[in-house]
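# Secondary and tertiary structure notes
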Amino acid sequence: MGSLGGAREHEAGLVEDLRQRFHATFGDGGGVRFFFCPGRVNLMGAHLDYNGGPVMPVALDRGTYLALRRRDDDRVLLAATLSGGTIEVGLAELPAVATGSWADYPLGVLRHLVHHGRALDARGNAGGLEVLYGGNLPIGAGLSSSASITVGTAFALLTAWQRPVDPLVAIRAALSGEREFVGVKCGIMDPYAVALARRGNLLWLDCRDASYEHLPLDPSAFEIAVVDSGVSRALARGHFNERVAQCSEAFERLRPAAPEARCLRDVPAEVVEAEAAALGPLLLKRARHVVSEVARTFAARDALLAGDASAFGALVSATHESLRDQYEVSTPELDAIVELARAWPGVLGARLTGAGFGGCAVVIARPGTGVGLADALARGFQARFGRMPAVYSFQSGGGPRELAA
Ligand code: GLA
């Protein structure tokens with residue numbers, strides 16, 4: 001995978017840069033440890049996680065890098081390379097409500113771990129820390145920078161506190177931080193996708209019961225690129241929560257006609273159509289996206305396992321149409337990227353990825369389609385919007401890990 005443009009920074013350089021900034025922020029001295037946690041791109045199963053459906057995310061080889069040092073008191077100091085200033089809290093006096101800053105993500109995780117008695121190491125030492133966040137993942141672009149930060153924080157803190165590092169503990173801390181503290185009603189996909197990632201594989205996750213398996217990606221079948229529309233999703237939280245609420249309302253209205261169903265994913269497509277009047281036009285569209293996406297995602301799994309990259313790509317493109325017309329989470333920029341990409345020879349499919357309302361599109365292409373496509377996208381996009389989209393190629397990455405200091 002991955003011949004499209006966009007230089008991949010060398011990890012050693014990123015770590016060295018973080019080390020220097022860490023010392024500039026928190027002072028010199030030893031004891032600094034480094035961690036990485038990936039972002040993810042979801043190939044199929046759009047907006048299915050909170051509807052109990054299957055999803056197919058792949059972890060990226062880009063993500064959050066963090067540098068961390070223990071303190072001998074109970075103060076926690078958080079800083080980020082992309083933001084000025086340091087946030088300081090005591091472990092015994094963590095904020096009860098979100099502060100509206102980037103630090104809400106790590107603070108939400110910290111609160112969860114502290115409340116669950118995981119903040120001190122086995123010898124009862126003080127749990128204070130200095131942490132600097134950096135990385136090479138576009139923020140707010142639909143590549144799960146938030147789960148990369150929350151899972152990475154949980155992983156690094158548990159390691160520093162000499163606690164067992166169980167991915168499920170990290171996932172729970174990440175979900176609690178984002179849902180209960182930050183206030184985004186996100187599904188389970190993102191923390192699972194990054195915490196359980198395995199290089200060279202995608203994660204098949206069934207969000208109804210959180211069962212999962214790793215499915216190998218064949219690099220000779222297709223390459224994956226991500227194109228950033230440059231429209232920030234920062235203001236999209238309200239729209240996302242609104243879609244979650246619409247799906248739960250649709251399920252409530254469908255329930256009498258599908259008594260066996262435990263979530264919207266379980267409702268047969270015929271029942272959705274038969275209940276059109278009960279749903280009304282808006283909820284009918286939302287439910288149509290969900291049930292059709294469930295069918296497409298199972299078909300995509302079959303195509304992947306059969307090595308049928310063309311069929312897989314066609315399903316990816318069909319998902320974009322459903323997200324645009326039924327779920328209504330696309331933007332003119334994302335539609336343009338998808339259209340331009342699909343017109344290029346060798347491209348098998350394209351769709352917006354993540355929640356939508358801006359952020360990135362993902363492109364599935366025959367290996368080697370690369371550079372020409374990046375140029376065509378840049379030219380076509382610039383002609384319409386007067387600026388260049390960022391194009392990233394990537395290798396599928398592994399999960400969170402500590403790096404050699
Ligand atoms: C966001 C959420 C995920 C998922 C996707 C849409 O990224 O965080 O939980 O719902 O949108 O598939």
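Reading the values: rules and limits
- Residues numbered from 1 in each chain as written.
- Predicted model: local features only at pLDDT ≥ 70, side-chain atom pairs only at ≥ 80, totals over all residues.
- Heavy atoms only, no water.
- Buried < 20%, exposed > 50% of the residue type's maximum accessible area, 1.4 Å probe, protein only.
- Helix = DSSP H or I, 4+ residues; strand = E, 2+ residues; numbered from the N terminus.
- Pairing = 2+ DSSP bridges.
- Near = heavy atom within 4 Å.
- Polar contact = N/O pair within 3.5 Å; in protein donor to acceptor, adjacent residues only side chain to side chain.
- Areas by Shrake-Rupley, 256 points an atom, 1.4 Å probe, with all protein chains shown as cover.
- Nonpolar A, V, L, I, M, F, W, Y, C, P; charged D, E, K, R; others polar.
- Axes fitted to C-alpha atoms, helices over the stretch in contact; angles between N-to-C directions.
- Parallel < 35°, antiparallel > 145°, perpendicular 65-115°, else oblique.
- Contact = heavy atoms within 4.5 Å.
- Phe/Tyr/Trp six-rings, centres within 6.5 Å; stacked < 30°, edge-to-face > 60°.

What follows concerns the pairing of strand S7 (residues 201–206). Within S7, six of the six residues are buried, which leaves it mostly tucked inside the rest of the structure. Neither face of S7 is left uncovered, since the one carrying Asn201, Leu203 and Leu205 and the one carrying Leu202, Trp204 and Asp206 both have all their residues buried. Pairing analysis gives two bridges linking strand S2 (residues 54–55) to S7, with the strands arranged antiparallel. Bridge pairing in S7 links Pro54 to Asp206. The pairing of S7 with strand S8 (residues 211–216) spans six bridges and is classified as antiparallel. What sits directly across from Asp206, in S8, is Ser211.

The next point concerns the site of the ligand. Close to the ligand lie Arg40, Ala46, His47, Asp49, Tyr50, Cys186, Gly187, Met189, Asp190, Phe240, Gly354 and Ala355. Contacts to the ligand include His47, whose backbone N or O atom sits 2.8 Å from an oxygen atom. Interatomic distance of 2.8 Å between a side-chain N/O atom of Asp190 and an oxygen atom of the ligand. The fraction of the free accessible surface of the ligand (310 Å²) that becomes covered by protein chains is 95%. Each residue belonging to the shell around the ligand can be placed in one class, and the counts come to six nonpolar, three polar and three charged.

On to the packing of helix H8 (residues 276–305) against helix H9 (residues 309–325), then. Contact pair H8 / H9: the axes reach a minimum separation of 9 Å and the direction vectors enclose 170°. With respect to their mutual orientation, H8 and H9 come out roughly antiparallel. For the pair formed by H8 and H9, the contact residues are Lys285, His289, Ser292, Glu293, Arg296, Ala299, Ala300, Ala303 and Leu304 on the first element and Ala311, Phe312, Leu315, Ala318, Thr319, Ser322, Leu323 and Asp325 on the second. Partitioned by chemical class, the residues of the contact of H8 with H9 number nine nonpolar, four polar and four charged.

Attention now goes to the sheet that holds strand S3 (residues 57–70). Taking strand neighbours across the sheet as the criterion, the six strands line up as S5-S4-S6-S3-S1-S13 in an open arrangement whose pairing is mixed. Looking along the sheet, the strands with just one partner apiece sit at the ends: strand S5 (83–90) and strand S13 (401–403). For this sheet, the mean angle separating the axes of adjacent strands, direction not counted, is 25°. Pairing of strand S1 (residues 33–42) with S3, which is carried by nine bridges, proceeds in the antiparallel orientation. Within S3, the position partnered with Arg40 by the bridge is Ala59.

Within the secondary structure, His320 is located in helix H9. His320 gets classed as buried once you look at its relative accessible area, which sits at 2%. Those residues in contact with His320, other than ones at most four positions away along the chain, are Ser330, Leu334, Asp335, Val338, Ala350, Arg351 and Leu352.

What follows covers the environment of Arg324. Checked against the element boundaries, Arg324 lands in helix H9. When the C-alpha atoms of Arg324 and Gly356 are compared, they prove to be 9.3 Å apart, with 32 residues separating the residues in sequence. For Arg324, the contacting residues outside a window of four places in its chain are Ser330 and Asp335. Within polar-contact distance, the side chain of Arg324 engages the side chain of Asp325 at 2.8 Å.

For the coordinates displayed, the defined rule picks out eight aromatic pairs. With 5.4 Å between their ring centres and 65° between their planes, Trp102 and Tyr133 make a pair best called edge-to-face. Taken together, the positions of Trp102 in the loop between S5 and helix H2 (104–115) and Tyr133 in strand S6 (residues 129–135) put the pair 31 residues apart, joining distant regions of the chain. On the accessibility criterion, Trp102 (24% relative accessible area) is partly exposed. Note on Tyr133: relative accessible area 5%, which makes it buried. Aromatic side chains Phe222 and Phe312 sit 5.4 Å apart centroid to centroid with 10° between the ring planes, which places their arrangement in the stacked category.

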